[in-house]
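A look at the structure
Next come the chains, spelled out residue by residue.
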Amino acid sequence: MSQEAALQAVGTFRGWLDKLLQTGPGWELESQWYILKNDIDEWVSTTFEDNSKDYRQIDRILHPMTVILGAIGNRHLEISGKAERLLEAFALVENRLKEGQAMLPVTPDEHLIEPGTPHSAYVFLRDIVEPASRLVFAVDPYVDRSLFSLLSNVAASVEIRILTRQQNAPADFVIEASKFVQQIGANLDCRAGLNDFHDRFLVVDNRLFFSGASFKDLGKKASVVAEVQDIKARTLAELETRWNSATQLK
């Protein structure tokens, strides 16, 4: 599930919980609660990584489910208490989703770029960067000006990093970058530091992609774009080291 879909679901559940709290004691309250509880339970198990903070935030309220005995009034208090605690939990989860801190399960993405498909390749990259909420980090020794068209699809609040090789960058790349920032209001930083670096990477929030071809050349020849999983932490650490030691692009 995407971040946007998860946020929509949170809003829906919060609305249902508010409505539930307005329901008086009786069988209607109990039936609504168990339907809603099961829906939330299924949503949590399919939306967040197991044992993540967001998963546990809600799961610990739903489970174990206490068998409520006694008068209808006592059951009403028990259900209302759980509904109120869930509202508080959903407020925290909603904030984490907006900040891009929630751990949503990700299916590794592998894509064969067919030769002669530059538009399809561009659309594929756009679909990767467009949902970014915190960071887009492009690492490519052979950038060109078309990169700004791609980055125009990223929200202005997102930090954008471009790490490239000084001698391969177009002469007016930095000038265009400054015009891009001026017009879009982007949070953009361009650095040089890839003299001994060949591969191309794209970091989008917590995801890391590898590209066999430079982003400007995708679709010219057959190549692969794949999500990095097994060596993700090591690669991200190396990219961060490179970024911190890089100099401003001139």
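Sequence order sets the numbering: in each chain, residues are counted from 1 along the sequence as written. At least 70 in pLDDT is required for a residue's local features to be given in this predicted model, at least 80 for side-chain atom pairs to be given and counted, and no such filter applies to totals for whole chains, interfaces and linings, which use all residues. Side-chain metrics in this entry use all non-hydrogen atoms of the structure; hydrogen atoms and water are not considered.

Right, let's get into the overall build of the protein chain. The secondary structure content of the protein chain amounts to eight helices and eight strands. In this setup the radius of gyration rests on C-alpha atoms only. A globule is expected at 2.2 Å times the number of residues raised to 0.38. The C-alpha radius of gyration computed for the protein chain amounts to 24 Å, which surpasses the reference 18 Å derived for 250 residues by more than 25%, pointing to a less compact arrangement than a globule. Seen along its three principal axes, the alpha-carbon backbone of the protein chain occupies a region of about 80 × 35 × 30 Å. Note on exposure labels: buried denotes an accessible area under 20% of the residue type's maximum, exposed denotes more than 50%, and partly exposed covers the range between, all computed with a 1.4 Å probe on protein chains only. Buried residues in the protein chain amount to 44% of all 250 residues. Expressed as a percentage of contacts within the protein chain between residues at least 6 apart in sequence, the contacts between residues at least 24 apart total 76%. Only the protein chains shown count as covering a residue, and every accessible area follows the Shrake-Rupley method with a 1.4 Å probe. Accessible area for the protein chain stands at about 13300 Å²; split by element, carbon and sulfur atoms hold 51% of it. Just so you know, the count uses Lys and Arg for positive and Asp and Glu for negative, and it drops His and the chain ends. Here the site of a charge means atom NZ of a Lys, CZ of an Arg, CG of an Asp or CD of a Glu. Side chains of the protein chain carry 27 positive and 35 negative charges; the gap between the two charge centres is 5 Å. Numbering of helices and strands starts at the N terminus; helices are DSSP runs of H or I of at least 4 residues and strands are runs of E of at least 2. Two residues form a contact once any of their heavy atoms are found within 4.5 Å.

Moving on to the pairing of strand β5 (residues 200–204). Most of β5 is tucked away: five of the five residues are buried. Alternating positions in β5 separate into two faces, Arg200, Leu202 and Val204 on one and Phe201 and Val203 on the other, with burial throughout. When DSSP finds two or more bridges between two strands, those strands count as paired. Where strand β2 (residues 135–139) lies against β5, four bridges are found, and the strand directions are antiparallel. Across the sheet, Val139 pairs through a bridge with Phe201, a residue of β5.

Core analysis: the biggest nonpolar cluster contains 34 residues, and Val136, Leu151, Ile162, Phe173, Leu188, Leu202 and Leu218 have the highest contact counts within it. Residue assignment for this core shows that the elements contributing at least two residues are α5 (118–129), β2, α6 (146–151), β3 (159–164), α7 (173–184), β4 (187–192) and β5. Excluding residues within four positions of it along the chain, Val136 makes contact with Val129, Leu151, Val154, Val158, Glu159, Ile160, Arg161, Leu202 and Val203. Joining through side-chain atoms within 4.5 Å is the link that ties buried Ala, Val, Leu, Ile, Met, Phe, Trp, Tyr and Cys residues into a set, and such a set is a nonpolar core. In terms of nonpolar packing, the next biggest core, distinct from the first, is built from 27 residues, Ala9, Ile61, Ile79 and Leu97 among them.

Looking now at the packing of aromatic side chains. Classification of ring pairs uses Phe, Tyr and Trp, with its six-membered ring standing for Trp, and accepts pairs whose centres are within 6.5 Å; under 30 degrees between planes counts as stacked, over 60 as edge-to-face, and the remaining range as tilted. Across all of its chains, the model carries nine aromatic pairs by this definition. An angle of 80° between the planes, with centres 5.7 Å apart, marks the rings of Phe13 and Trp16 as edge-to-face. Here Phe13 pairs with Trp16, and both are found in helix α1 (residues 3–21), just three residues apart, close to one helical turn. For Phe13, a relative accessible area of 6% puts it in the buried group.

On to the sheet that holds β2. An order of β1-β7-β6-β5-β2-β3-β4-β8 is seen for the eight strands of this open sheet, with the pairing classed as mixed. Of all strands in the sheet, those with a lone pairing partner are β1 (110–113) and β8 (247–248), marking the two edges. The pairing of β1 with strand β7 (residues 223–227) spans four bridges and is antiparallel. For His111, the partnering residue across the bridge sits in β7 and is Val225. For every element, the axis is a line fit to its C-alpha atoms; helices are fit only across the contacting stretch, and the angle between N-to-C directions ranges from 0 to 180 degrees. Contacts from α7 reach β3 and β4, with the element oriented near 165° to β4.

Further remarks concern the confidence of the model for the protein chain. With 93% of its residues at a pLDDT of 70 or more, the protein chain shows a mean pLDDT of 87. pLDDT under 50 marks residues 65–72. Its contacts with residues more than four places away, or in other chains, come to 14 contacts. Think of pLDDT as the predictor's per-residue confidence, scored from 0 to 100.

It is worth spelling out the pattern of salt bridges at this point. Just to be clear on terms, a salt bridge is a Lys or Arg side-chain nitrogen sitting within 4 Å of an Asp or Glu carboxyl oxygen. The final tally for this structure, using the stated rule, is twelve salt bridges. We note a salt bridge from Arg14 to Glu94, for which the minimum N-O separation is 2.3 Å. Of this pair, Arg14 sits in helix α1 while Glu94 sits in helix α4 (residues 72–98); the two residues are 80 residues apart in sequence, bridging distant segments of the chain. You can call Glu94 buried: its relative accessible area is 17%. Residues Arg242 and Glu238 are paired through a salt bridge, measuring 2.9 Å at the closest nitrogen-oxygen approach. Here the residue Arg242 and the residue Glu238 both occupy positions in helix α8 (residues 232–245), the gap between them amounting to four residues, near one helical turn. Judged by relative accessible area, which is 34%, Glu238 ranks as partly exposed.

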